[in-house]
Amino acid sequence: MTIAKITLYTVEVLSQTSKTSAFVKLYDSNERQIGSISFWRPEFIEAAIADELASPADDNLIFASEQLSEVLDILRNEQPVYFVSTRGVGKIIAGKEPVGEAE
């Protein structure tokens, strides 16, 4: 299981000729890559999920391409943010915030 605080990230947006639409690479405070997220186009995501479940990796998550803006919003606007992954099943978690905080 991987649990790590995300402090830096990079984004790669790919052309329409690719099965994936984007990659987000996640880094800790030492600039060490702790994980990545691949964003798959709708027609390819089921095969990508099947491949990941057959050979799970703790450091890569698979999301639908439509989720890219949501993930980027969390990375840009929330703090702290954590990467959590266990054998290909994972999530991005925003830390605790006060109720009613106006953002």
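Everything that follows concerns the structure shown earlier in this document.
All values derive from a computational prediction rather than experimental measurement.

## Points about the overall build of the protein chain
- Secondary structure summary: the protein chain contains two helices and seven strands in total.
- Helices and strands appear in the protein chain in the N-to-C order β-β-β-β-α-β-α-β-β.
- In terms of overall size, the protein chain behaves like a compact globule, its C-alpha atoms giving a radius of gyration of 14 Å where 103 residues would be expected to give roughly 13 Å.
- Along the first, second and third principal axes, the C-alpha atoms of the protein chain reach 40 × 30 × 25 Å.
- By residue count, 37% of the 103 residues in the protein chain fall in the buried class.
- Once local pairs closer than 6 in sequence are excluded, the contacts in the protein chain between residues at least 24 apart make up 47%.
- For the protein chain, the computed accessible surface area is about 6600 Å², with 52% contributed by carbon and sulfur atoms.
- One way to put it: in the protein chain the 9 positive side-chain charges average out to a point 4 Å from where the 16 negative ones average out.

## Thoughts on the sheet that holds strand 2 (residues 8-13)
- Here four strands make up an open sheet; going across it, the order is 2-3-4-5 and the pairing mixed. Taken across any chain shown, the strands that pair with only one partner, and hence form the sheet edges, are strand 2 and strand 5 (60-64). Across the sheet, the axes of successive neighbouring strands diverge by a mean angle of 20°, strand direction being ignored.
- The sheet contact formed by strand 3 (residues 20-27) and strand 4 (residues 33-40) spans seven bridges and is antiparallel. Directly across from V24, in strand 4, lies its bridge partner I37.
- Against the sheet, helix 1 (residues 45-54) makes contact with strand 4 and strand 5, and its axis sits at roughly 160° relative to strand 5, the strand it touches most.
- On top of the sheet, helix 2 (residues 68-77) reaches strand 2, strand 3, strand 4 and strand 5; it is set at about 20° to strand 3, its chief contact.

## Concerning the nonpolar core
- If you look at the biggest cluster of nonpolar residues, it comprises 17 residues, and the most contacted ones within it are I6, V24, L26, I37, F39, L75 and I92.
- Where this core is concerned, the elements lending two or more residues are strand 1 (2-6), strand 3, strand 4, strand 5, helix 2 and strand 6 (81-86).
- For this core, the element with the most residues is helix 2, which contributes four residues.
- Leaving out residues up to four positions away in the same chain, L75 has contacts with I6, Y9, V24, L26 and V81.

## Observations concerning the sheet that holds strand 7 (residues 89-94)
- Reading across from one edge, 1-6-7 is the order of the three strands in this open sheet, with antiparallel pairing throughout. The sheet terminates laterally at strand 1 and strand 7, the two strands that pair on one side only. Across this sheet, the average inter-strand angle for adjacent strands is 15°, counted without regard to direction.
- Of the pairings in the sheet, the one linking strand 6 to strand 7 comprises six bridges and is antiparallel in character.

## Some words on the packing of aromatic side chains
- Here the structure, examined in full by the defined rule, presents one aromatic pair.
- With centroids separated by 5.8 Å and ring planes inclined at 50°, the aromatic side chains of F39 and F63 adopt a geometry described as tilted. With a gap of 24 residues between them, F39 in strand 4 and F63 in strand 5 connect regions that are remote in the sequence. Each member of the pair, F39 as well as F63, carries the same accessibility label: buried.

Analysis parameters
- Residues numbered from 1 in each chain as written.
- Predicted model: local features only at pLDDT ≥ 70, side-chain atom pairs only at ≥ 80, totals over all residues.
- Heavy atoms only, no water.
- Helix = DSSP H or I, 4+ residues; strand = E, 2+ residues; numbered from the N terminus.
- Rg over C-alpha atoms; globule rule 2.2 N^0.38 Å.
- Buried < 20%, exposed > 50% of the residue type's maximum accessible area, 1.4 Å probe, protein only.
- Contact = heavy atoms within 4.5 Å.
- Areas by Shrake-Rupley, 256 points an atom, 1.4 Å probe, with all protein chains shown as cover.
- Lys, Arg positive; Asp, Glu negative; His and termini not counted.
- Charge placed at Lys NZ, Arg CZ, Asp CG, Glu CD.
- Pairing = 2+ DSSP bridges.
- Axes fitted to C-alpha atoms, helices over the stretch in contact; angles between N-to-C directions.
- Core = buried A, V, L, I, M, F, W, Y, C linked by side-chain atoms within 4.5 Å.
- Phe/Tyr/Trp six-rings, centres within 6.5 Å; stacked < 30°, edge-to-face > 60°.

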